[in-house]
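# Architecture and fold: a report
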Amino acid sequence: MFRNLKYFLPSFNQSLLIVLLLIVAGGLGMGILLAVCYGAAGVAMADINPLVMYLCQFVPPLIYILYKGADTVKENGRLMEKGLFDRIVKPVPFNTFNFGKVSPAVAFLLVILATFALMIVLEPLNSLVPMPDSVKQIYANMLSNMLWTSLSVAVAAPLVEEFFLRGTIMRGMLQHSTPLKAILWSAFYFALIHMNLYQALGAFIMGLFIGWIYYRSGTLWLAILIHFVNNGSSVLFTLLNPQMDVETTLMDIIIQSWSVEAYIGIYTASLAILAAIIFYFYKNLGNGQSKETISA
C-alpha cells in the first residue's frame with residue numbers, strides 16, 4: 001500500500017486539497033471527533049495524549065494520498081494494457097541521495113550548522129508578532145506532559161510534516177512546475193499549517209531553506225534533520241529552563257548576560273556562516289531533481 005505513494009505526484013490543486021484536508025478535516029474534524037469520543041468516555045480534552053492528537057490530524061490527508069497512489073498504479077495498469085506507455089506515470093522516489101561533490105557526512109554536518117545559524121538569524125522576527133496563547137500552551141504542555149509533547153514537537157512533527165510538505169507536495173509539484181514555484185508553495189503551505197502569525201514568517205523562510213535543500217539533494221532525510229534540529233532545540237531549551245518566560249529570546253539572554261555588541265557579533269557571525277554554507281551547497285550539493293514523464 002505505502003509503496004504506491006511514489007506514484008502519486010500531486011498537482012497544484014491536489015496539493016491544495018491535501019493542505020485543506022489537513023487543516024479542516026484533520027485539525028477541526030478530527031479534533032471534534034476526539035473530543036466527542038473521549039468525552040463519552042469521561043476523559044477531558046486536556047488529558048488526551050498530545051501525540052495522539054497531533055497524529056490524528058494527518059489521517060484524512062494520508063487516506064487521500066494512499067488512495068491516489070493506489071489509483072495511479074491501477075491507471076498505469078490500464079494504460080499498459082492499451083499500449084499507451086507514453087502516458088504511464090513513472091514513480092519518483094522520496095530520496096535520490098544526490099549529494100554531488102559533497103560527501104553525505106559533510107552534508108549532514110553542514111546542514112546542522114546552517115540550521116542553528118538560520119535559527120539565530122530568524123529569531124528577531126518572532127518579536128514582530130505577539131506569541132499567541134496556543135503556542136504558550138504548547139510550551140506549558142512540554143513541562144506538564146514532558147514525554148509525549150516533546151515527542152510530538154521534536155520527533156513526530158519533523159517526520160510527518162516533511163513527508164507531507166516536501167516528500168509528497170513538493171516532490172509532486174516539481175514534476176508539474178518550476179523548482180522555484182514548488183519550493184515557494186511548499187514553504188507557504190508549511191507556514192499555513194502552523195495556523196498562527198507568530199510562527200508563520202519564520203516557518204516560511206525556514207521552509208524555503210528546507211525546500212531548497214531537498215530540491216538540491218533529493219534527500220528527504222536532510223529536510224527532516226533541519227526540522228528536527230529546529231524543533232528539538234526549542235524543546236531542549238524549554239526543558240532545561242522551566243522557570244524562564246517562554247517569550248524570552250536568545251537576544252534577551254545574550255544582551256542581559258553580556259552586551260548588545262556581543263549579540264550583534266553572534267548575529268553577524270551566524271549570518272556569515274549561513275551565507276557561506278548556502279554558497280558552498282549552491283556550488284557543490286547535487287544538481288537538482290529532474291522531471292519524470294507524467295500523464296496529463
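Refer to the structure presented above.
It should be emphasised that the depicted structure is a prediction, and the values quoted were computed from it without experimental measurement.

## Comments concerning the overall build of the protein chain
Helix and strand counts for the protein chain come out as 11 helices and 0 strands. Order of helices (α) and strands (β) in the protein chain, N terminus to C terminus: α-α-α-α-α-α-α-α-α-α-α. Against the 2.2 N^0.38 benchmark of 19 Å for 296 residues, the protein chain shows a C-alpha radius of gyration of 21 Å, consistent with a compact globule. With respect to the principal axes defined by its C-alpha atoms, the protein chain has extents near 70 × 60 × 30 Å. The 296 residues of the protein chain split such that 43% are buried. Across the protein chain, every contact between residues at least 6 apart in sequence was considered, and the portion connecting residues at least 24 apart equals 83%. Summed over its atoms, the accessible surface of the protein chain is roughly 15100 Å², and 68% of this surface lies on carbon and sulfur atoms.

## Focus on the pattern of salt bridges
Applying the stated criterion to the full structure yields 3 salt bridges. A salt bridge links Glu-75 to Arg-78; its shortest N-O distance comes to 2.7 Å. Remark: Arg-78 and Glu-75 occur in helix 3 (residues 59-81); sequence separation between them is 3 residues, near one turn of the helix. Note on Arg-78: relative accessible area 41%, which makes it partly exposed. Linking Glu-247 and Lys-136 is a salt bridge whose minimum nitrogen-to-oxygen distance equals 3.4 Å. Of this pair, Glu-247 sits in the loop between helix 9 (220-240) and helix 10 (250-257) while Lys-136 sits in helix 5 (residues 133-144), placing them 111 residues apart in sequence.

## Observations regarding unusual backbone geometry
Look at Phe-97: it is not a glycine, yet its phi comes out positive at around 50°. Along the polypeptide, Phe-97 turns up in the loop between helix 3 and helix 4 (104-122). For Phe-97, a relative accessible area of 47% corresponds to the partly exposed category. Of note in this structure, Met-195 is not a glycine but carries a positive phi near 60°.

## A short note on helix 7 (residues 179-192)
It helps to recall that an α-helix has 3.6 residues per turn; residues three or four apart then point in one direction. Between the first and last C-alpha of helix 7 there are 20 Å, a value that for 14 residues agrees with the 20 Å anticipated at 1.5 Å per step. Of all the positions in helix 7, only Ala-182, Ile-183, Ser-186, Ala-187, Tyr-189, Phe-190 and Ala-191 are classed as buried. The inward-facing, buried residues of helix 7 abut helix 1 (12-40), helix 6 (146-176), helix 8 (197-217) and helix 9.

## Brief notes about the packing of aromatic side chains
On inspection of all chains with the given rule, the structure shows 12 aromatic pairs. The interplanar angle of 45° and the centroid separation of 6.1 Å between the aromatic rings of Tyr-280 and Phe-281 together place this pair among those described as tilted. One cation-aromatic arrangement involves Arg-166 over Phe-190; the distance from NZ or CZ to the ring centre is 4.7 Å. Above the face of the Phe-94 ring, Arg-171 is positioned so that its terminal group lies 4.2 Å from the ring centre.

## Here we look at the side chain of Thr-168
Relative to the assigned elements, Thr-168 resides in helix 6. The buried category is assigned to Thr-168, whose relative accessible area is 1%. Once residues lying within four places of it in the same chain are set aside, the contact partners of Thr-168 are Pro-10, Ile-18, Ile-65, Phe-94 and Phe-163.

## What to know about the environment of Ile-88
Considering the arrangement of structural elements, one finds Ile-88 in the loop between helix 3 and helix 4. Exposure remark for Ile-88: the relative accessible area of 15% places this residue in the buried category. When the C-alpha positions of Ile-88 and Gln-243 are compared, they lie 58 Å apart, and in sequence the two are 155 residues distant.

## Some points on the packing of helix 4 against helix 11 (residues 260-284)
Each pair of packed helices can be summarised by the angle the axes make with each other and by the distance between the axes. Put simply, helix 4 and helix 11 touch, their axes get as near as 8 Å, and they point 140° apart. As summarised for this structure, helix 4 and helix 11 are arranged oblique, according to the angle between their axes. In this structure, helix 4 crosses over helix 11, and the sense of that crossing is left-handed. Along the contact surface, helix 4 presents Ala-107, Leu-110, Val-111, Leu-113, Ala-114, Ala-117, Leu-118, Ile-120 and Val-121, while helix 11 presents Tyr-263, Ile-266, Tyr-267, Ser-270, Leu-271, Ile-273, Leu-274, Ile-277, Tyr-280 and Phe-281. Partitioned by chemical class, the residues of the contact of helix 4 with helix 11 number 18 nonpolar, 1 polar and no charged.

Conventions we followed
Residues numbered from 1 in each chain as written. Predicted model: local features only at pLDDT ≥ 70, side-chain atom pairs only at ≥ 80, totals over all residues. Heavy atoms only, no water. Helix = DSSP H or I, 4+ residues; strand = E, 2+ residues; numbered from the N terminus. Rg over C-alpha atoms; globule rule 2.2 N^0.38 Å. Buried < 20%, exposed > 50% of the residue type's maximum accessible area, 1.4 Å probe, protein only. Contact = heavy atoms within 4.5 Å. Areas by Shrake-Rupley, 256 points an atom, 1.4 Å probe, with all protein chains shown as cover. Salt bridge = Lys/Arg side-chain N within 4 Å of Asp/Glu carboxyl O. Expected span 1.5 Å × (residues − 1). Phe/Tyr/Trp six-rings, centres within 6.5 Å; stacked < 30°, edge-to-face > 60°. Lys NZ or Arg CZ within 6 Å of the ring centre and 35° of its normal. Axes fitted to C-alpha atoms, helices over the stretch in contact; angles between N-to-C directions. Parallel < 35°, antiparallel > 145°, perpendicular 65-115°, else oblique. Left-handed = near helix turned anticlockwise from the far one by under 90°. Nonpolar A, V, L, I, M, F, W, Y, C, P; charged D, E, K, R; others polar.

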